[in-house]
Protein chains: 4
Amino acid sequence: MAPKVGHNSQAGGVAAGQLKAFVERIERLEEEKKVIADDIKEVYAEAKGNGFDTKILKKAVALRKKDPAEREEEETILQLYLQALGMLPQEEDDI
Amino acid sequence: MAPKVGHNSQAGGVAAGQLKAFVERIERLEEEKKVIADDIKEVYAEAKGNGFDTKILKKAVALRKKDPAEREEEETILQLYLQALGMLPQEEDDI
Amino acid sequence: MAPKVGHNSQAGGVAAGQLKAFVERIERLEEEKKVIADDIKEVYAEAKGNGFDTKILKKAVALRKKDPAEREEEETILQLYLQALGMLPQEEDDI
Amino acid sequence: MAPKVGHNSQAGGVAAGQLKAFVERIERLEEEKKVIADDIKEVYAEAKGNGFDTKILKKAVALRKKDPAEREEEETILQLYLQALGMLPQEEDDI
DNA sequence: GACTCTCCCAATGTAC
DNA sequence: GTACATTGGGAGAGTC
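Looking up chain A in an unreviewed UniProt entry gives the name UPF0335 protein HDIA_0758, with the organism given as Hartmannibacter diazotrophicus. Chain A has a UniProt comment under Sequence similarities (unreviewed entry) that states "Belongs to the UPF0335 family."

Shown next, in the form of structure tokens:
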């Protein structure tokens, strides 16, 4: 007789039915995700069509996600580093 | 007199209202996307909890997206290369 | 009196000299890295010019890095999954 | 008689010797690249040990690569956007 | 109290 | 050149 395996058999030790279920859930979700990703692209394209700079727009969106305090902190340190590296117009009050 | 700017003024040349609208649409969509991405992670975690190997599961999902013919083709060429590099158990019909 | 700062002064609390040294070391190394990365691209291009498939060649190189045993293991599990998903030509010994 | 193939035989249509040569060149270069990448990490680690903020240090290094004029331009536009989004301390001269 | 282990983010590398 | 996916590193929590 052939191996007695049901529709949820574990042929080779793998629960095929369960695996399929997982894979299908993942695929469904990934599809949804792709739709949304495309929507986002569309918005950027539309913004671009209205004269906005996509690259910088993305930066602005990214900055919005950050905690303002933390952002401030980082910016301050960055300015210090840039200054130390001579990458900023010299400090006027030191002249 | 202060610059005469309306609610959709272009202070500094930027249409603030329009920009905000774009940014908010993007943020809303990104939120949705994040929710789904989290859902996907959950499914993988659940699969892992059921004994499946996450990394390999991802590979399987990726393979499913590919055209079978193309996949076959690639696999064939890869086997050729691996053989040429001596990375395969020797060809039996050559022994 | 003005702050007494030497050539390694910590204007703003940052040791400028030290920072510059770090940055310059990093930049030098990144340059070297870029040169090598370009060399690698050239080799792939040359291989392509000799009829090899770049994409698959990269896969072969990647596989070479892996421990053979581990690779075998992963491949085995993947096959199990693919079989459970009905993505493999049917098992002959089950027919 | 066995297939008459020389040391550079094209068993299966693949020039094994040539392929090996390419792969070995690539691997050698990738090794070198890895060494340098590790060196870079070390420098960052050392900088961190000296009190520098790695994340921001990376930003500074990245900024250095950019053309100053372009950088300035981008920064200006970004500020416009942030202002339009109300993410900047309000313009004093407008109060 | 330290150490491991896991989870998350960032960064690199790859595919389109 | 851009966008995705994967990998590696860092941080944080739980355990011994």
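Let us now look at the overall build of chain A. On a plain count of helices and strands, chain A comes out with three helices and zero strands. Walking chain A from its N terminus toward its C terminus, one meets helices and strands in the order α-α-α. Counting the 95 residues in chain A, one finds 31% classified as buried. Surface summary for chain A: the accessible area is close to 6,300 Å², and the carbon and sulfur share equals 52%.

Taken residue by residue, the interface counts 19 residues in chain B and 19 residues in chain C. Taken together, both faces of the contact between chain B and chain C bury some 1,800 Å²; the carbon and sulfur share is 68%. Among the residues of chain B in contact with chain C, Ile56, Tyr81 and Met87 of chain B are the three that bury the most area, contributing 32% of the side total. Where chain B meets chain C, there are four salt bridges. Across the salt bridge formed by Glu74 of chain C and Lys59 of chain B, the nearest N and O atoms sit 3.7 Å from each other.

For the rest of this paragraph, the subject is helix H2 (residues 54-65) of chain A. Under the 1.5 Å per step criterion, the end-to-end length of H2 of chain A is 17 Å for 12 residues, consistent within 8% with the ideal 16 Å. Where H2 of chain A is buried, its residues meet helix H1 (16-49) and helix H3 (68-84) of chain A, helix H1 (16-49) of chain B together with helix H3 (68-84) of chain D. The residue sitting at the N-terminus of H2 of chain A and contributing the capping side-chain oxygen is Asp53 of chain A; that oxygen lies 3.0 Å from the backbone nitrogen of Lys55 of chain A.

What follows covers the protein's contact with DNA strand E. Surveying the vicinity of DNA strand E reveals the residues Lys55 and Lys58 of chain C together with Lys33 of chain D. Between Lys33 of chain D and DNA strand E, the recorded distance is 3.1 Å, taken from a side-chain N or O atom to a phosphate oxygen.

Aligned on chain A, chain B shows an RMSD of 0.3 Å; the corresponding rotation is 180 degrees and the shift along the axis is 0.1 Å. Here the transformation between the copies is reduced to the relation of a two-fold axis. No C-alpha of chain B lies nearer the rotation axis than that of Lys33 of chain B, which sits 2.9 Å from it.

Moving on to the confidence of the model for chain A. Note: predicted coordinates in regions of low pLDDT should not be interpreted at a detailed level. All names here are of chain A. With 81% of its residues at a pLDDT of 70 or more, chain A has an overall mean of 85. Mean pLDDT across the elements of chain A bottoms out in H3 (90) and peaks in H1 (95). Every residue in residues 3-9 scores below 50 in pLDDT, and together they form eight contacts with partners more than four places removed in sequence or on other chains.

At an RMSD of 0.3 Å, chain B and chain C line up after a rotation of 180 degrees and a shift of 0.1 Å along the axis. A high fraction, 100%, of the interface residues of chain B reappear at the interface in chain C, so the copies pair face to face through one surface.

Domain boundaries assigned for chain A yield domain 1 (12-52) and domain 2 (57-88). For domain 1 of chain A versus domain 2 of chain A, the distance between C-alpha centres works out to 32 Å.

Next up on the list: the packing of H1 of chain A against helix H2 (residues 54-65) of chain B. In contact at an axis separation of 11 Å, H1 of chain A and H2 of chain B are set at 65 degrees when each is read in the N-to-C sense. The hand of the H1 of chain A/H2 of chain B crossing is right-handed. Of H2 of chain B, the residues touching H1 of chain A (which contributes Leu19, Val23, Ile26, Glu27 and Glu30 of chain A) are Leu57, Val61, Arg64 and Lys65 of chain B. Its residues assigned to classes, the contact of H1 of chain A with H2 of chain B shows five nonpolar, no polar and four charged.

Our next topic: the pattern of salt bridges. In total, this model carries 28 salt bridges over all chains according to the counting rule given. With a closest N to O distance of 3.0 Å, Glu30 of chain D and Lys65 of chain C form a salt bridge. Here Glu30 of chain D is found in helix H1 (residues 16-49), whereas its partner Lys65 of chain C is found in helix H2 (residues 54-65) on a different chain. Residue classification places Lys65 of chain C among the exposed residues on the basis of a relative accessible area of 61%. In the salt-bridge network here, residues are joined through shared partners; they are Lys55 and Lys59 of chain A together with Lys66 and Glu74 of chain D.

The next subject is the protein's contact with DNA strand F. In the neighbourhood of DNA strand F, the contacting residues comprise Ala37, Lys41 and Lys58 of chain A, Lys65 of chain B together with Lys41 and Lys48 of chain D. Restricting the count to atoms of DNA strand F within 4 Å of the protein gives a sugar and phosphate share of 100%. Taking Lys58 of chain A, its side chain carries an N or O atom lying 3.1 Å from a phosphate oxygen of DNA strand F. Within the side chain of Lys41 of chain D, a nitrogen or oxygen atom sits 2.9 Å from a phosphate oxygen of DNA strand F. Within the residue set of the surface near DNA strand F, elements represented by two or more residues are H1 of chain A together with H1 of chain D. Split into classes, the residues belonging to the surface near DNA strand F amount to one nonpolar, no polar and five charged.

The rules we used
Residues numbered from 1 in each chain as written. Chains lettered and ligands numbered in written order. Predicted model: local features only at pLDDT ≥ 70, side-chain atom pairs only at ≥ 80, totals over all residues. Heavy atoms only, no water. UniProt positions renumbered as here; feature names shortened; annotations may be inferred. Helix = DSSP H or I, 4+ residues; strand = E, 2+ residues; numbered from the N terminus. Buried < 20%, exposed > 50% of the residue type's maximum accessible area, 1.4 Å probe, protein only. Areas by Shrake-Rupley, 256 points an atom, 1.4 Å probe, with all protein chains shown as cover. Contact = heavy atoms within 4.5 Å. Buried area = accessible area lost by both parts, 1.4 Å probe. Salt bridge = Lys/Arg side-chain N within 4 Å of Asp/Glu carboxyl O. Expected span 1.5 Å × (residues − 1). Polar contact = N/O pair within 3.5 Å; in protein donor to acceptor, adjacent residues only side chain to side chain. Near = heavy atom within 4 Å. Least-squares fit on C-alpha atoms with pLDDT ≥ 70 in both. pLDDT = per-residue confidence, 0-100. Domains from an automatic or database assignment. Axes fitted to C-alpha atoms, helices over the stretch in contact; angles between N-to-C directions. Left-handed = near helix turned anticlockwise from the far one by under 90°. Nonpolar A, V, L, I, M, F, W, Y, C, P; charged D, E, K, R; others polar.

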